[in-house]
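Examining the three-dimensional arrangement
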Amino acid sequence: MATAHRSDAFRLDAFEPAYLSLLRNGGLAERAEAARRALEACRLCPRGCEARRSQGHTGTCGIGLDAVVSSAFPHLGEEDCLRGRRGSGTVFFAGCGLRCAFCQNADVSWHRSGEELDAEDLAAVFLGLQERGCHNLNLVTPSHVVPQVLEAVALAAARGLRLPIVYNSSGYDAVETLRLLDGVVDVYMPDFKFWRNETAELYARAPDYPERARAAVTEMHRQSGALRFGADGLARRGVLVRHLVMPGLTGESAAIFEWLAREVSRDTYVNVMGQYRPEWRVGEPDEAGRTLFAEIARRPREWEMEAVRESFRRAGLWRLDGRRPGGTP
């Protein structure tokens, strides 16, 4: 881990998961209870649908009182600084506040496949990932189940959970909900997808996505700062911004990077992701036989990937994630 973006300036040797301090002073259980009350008229995500989830009703996300977990396992496909040698303890939550036409996990996000788990069962999942040797607890699409997560973390921490928590979201997060996680989450990992409101409306039915994502990333950085690493090269605390490159949208990528450098920090750690592929509704025929979302019905071209990487450098950002064979020690 001799690369500059993991130099001593971004090293964090003395570390314990953030939530342990709240556990010791009783604040973790109080935070979980405050979050639970939010389910009475849910505004956890920016949709603000006010569904009575405490009574089992569902809103945009399609999830009621209990979280639905699609899968939980040591993930070896995440960033090197998360997966290490033994994997990132990834928990995929069903349901989502976005309605992405290109969703690559539609069975989970749209169809909500998985198992309903109460707080006791979810805590057992967290502890089980720790027992399997995972380096962290990686919560995927957690924005709509923050109360359930907090309740389970409080139970699991009292029973010995000591993994750093990674909040792995779409970036479509409500600041008020993120504040419930202040002092709980160690690593925030939002995927900042779109810059223009029109693009977000077209592809995710969320015209307010850009401003919501900007506010969310700003709050995440306020809480945890630039990404820092342990001596083993694994992420310990801070913000890792993902950006999924989409065909024809390199200008939006450039605008996102310029904003990160100007308004958040030039030290922001970014993963420029090239794995977009046409999925879900993209490429399907409409009623007239025309191809839906034809303009994004292809993979990004190499010149587009290079243009995005160049806009990253031009913005003044410099901490770009890069995969190494075999991951970190």
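Coordinates for the structure precede this section.
Definitions and limits used
- Residues numbered from 1 in each chain as written.
- Predicted model: local features only at pLDDT ≥ 70, side-chain atom pairs only at ≥ 80, totals over all residues.
- Heavy atoms only, no water.
- Helix = DSSP H or I, 4+ residues; strand = E, 2+ residues; numbered from the N terminus.
- Rg over C-alpha atoms; globule rule 2.2 N^0.38 Å.
- Buried < 20%, exposed > 50% of the residue type's maximum accessible area, 1.4 Å probe, protein only.
- Contact = heavy atoms within 4.5 Å.
- Areas by Shrake-Rupley, 256 points an atom, 1.4 Å probe, with all protein chains shown as cover.
- Pairing = 2+ DSSP bridges.
- Right-handed = clockwise from strand over helix to strand, strands pointing away.
- Disulfide = S-S within 2.5 Å.
- Arc of directions from axis to C-beta.
- Core = buried A, V, L, I, M, F, W, Y, C linked by side-chain atoms within 4.5 Å.
- Salt bridge = Lys/Arg side-chain N within 4 Å of Asp/Glu carboxyl O.
- Phe/Tyr/Trp six-rings, centres within 6.5 Å; stacked < 30°, edge-to-face > 60°.
- Lys NZ or Arg CZ within 6 Å of the ring centre and 35° of its normal.

The next point concerns the overall build of the chain. Helices and strands together make up the secondary structure of the chain, namely 11 helices and 10 strands. Here the C-alpha atoms of the chain give a radius of gyration of 19 Å, agreeing with the 20 Å that 2.2 N^0.38 yields for 329 residues. Taking the principal axes of the C-alpha coordinates as reference, the chain spans close to 55 × 50 × 35 Å. Counting only residues that meet the buried cut, the chain has 57% of its 329 residues in that class. Considering only contacts in the chain between residues 6 or more positions apart, those separated by 24 or more positions represent 72%. Of the roughly 13400 Å² that the chain leaves accessible, carbon and sulfur atoms contribute 47%.

Our next topic: the pairing of strand S6 (residues 187–190). Two faces belong to every sheet, and in a regular strand the side chains alternate between them. Neither face of S6 is open: one carries Val187 and Met189, the other Tyr188 and Pro190, and all of them are buried. In the sheet, strand S5 (residues 165–169) pairs with S6 via 4 bridges, with the strands oriented parallel. Residue Tyr167 lies in a different strand from S6, and its bridge partner there is Tyr188. Taking the sense of rotation as the criterion, the β-α-β connection linking S5, helix H7 (residues 175–180) and S6 turns out right-handed. Note: S6 against strand S8 (residues 235–244), 2 bridges, orientation parallel. The residue bridging Val187 from the neighbouring strand is Gly238, located in S8.

Another point: the state of the cysteines. This structure, assessed with the given rule, holds 0 disulfides. The closest cysteine sulfur to the non-disulfide-bonded Cys42 is located on Cys49, 5.3 Å from its own sulfur. In this structure Cys42 comes out as buried when scored by relative accessible area, which is 5%. Cys103 carries a free sulfur, and the closest cysteine sulfur to it, the one in Cys100, is 6.4 Å from it. For Cys103, a relative accessible area of 12% puts it in the buried group.

Once that is clear, we can look at helix H8 (residues 197–204). Taken as a whole, H8 has its buried residues at Thr199, Ala200, Tyr203 and Ala204. Relative to the axis of H8, the buried residues are bounded by an arc of 95 degrees and lie together on one face. Looking at the buried side of H8, the elements it contacts are helix H9 (209–224) and helix H10 (250–264). Backbone geometry just downstream of H8 places Arg205 in the positive-phi region, at approximately 55 degrees.

Our next topic: unusual backbone geometry. Comment: phi is negative for the bulk of residues other than glycine, and the bulk of peptide bonds are trans. In this model, Thr141 sits at a positive phi of 55 degrees, which is unusual for a non-glycine residue. Position of Thr141 among the secondary structure elements: in the loop between strand S4 (137–140) and helix H6 (146–158). Of note, the phi angle at Trp280 is positive, near 55 degrees, even though the residue is not glycine.

As a further point, take the nonpolar core. Judged by nonpolar contacts, the single largest core of 89 residues is most densely connected at Phe102, Phe126, Phe257 and Leu260. If one sorts the elements of this core by residue count, H6 sits on top with 8 residues. What Phe126 contacts, discounting residues up to four positions off in sequence, is Val91, Leu137, Leu139, Val149, Ala152, Val153, Ala156 and Leu161. Formed by 10 residues, the second largest nonpolar core is a distinct cluster that contains Leu82, Val187, Leu227 and Phe229.

Time to look at the pattern of salt bridges. Inspection of the entire model under this criterion finds 26 salt bridges. With its nearest N and O atoms 2.8 Å apart, the salt bridge here joins Arg236 to Asp232. For Asp232, a relative accessible area of 27% translates into the label partly exposed. Across the salt bridge formed by Arg262 and Glu263, the nearest N and O atoms sit 3.1 Å from each other.

In this structure the tally under the stated criterion is 13 aromatic pairs. With centroids separated by 5.6 Å and ring planes inclined at 90 degrees, the aromatic side chains of Phe257 and Phe312 adopt a geometry described as edge-to-face. Pair noted here: Phe257 is in helix H10 and Phe312 is in helix H11 (residues 302–314), with a separation of 55 residues, a long-range link. For the pair Phe257 and Phe312, a shared accessibility class is recorded, and that class is buried. Across from the ring centre of Trp195, 4.6 Å away, lies the NZ or CZ of Arg214, which sits over that ring.

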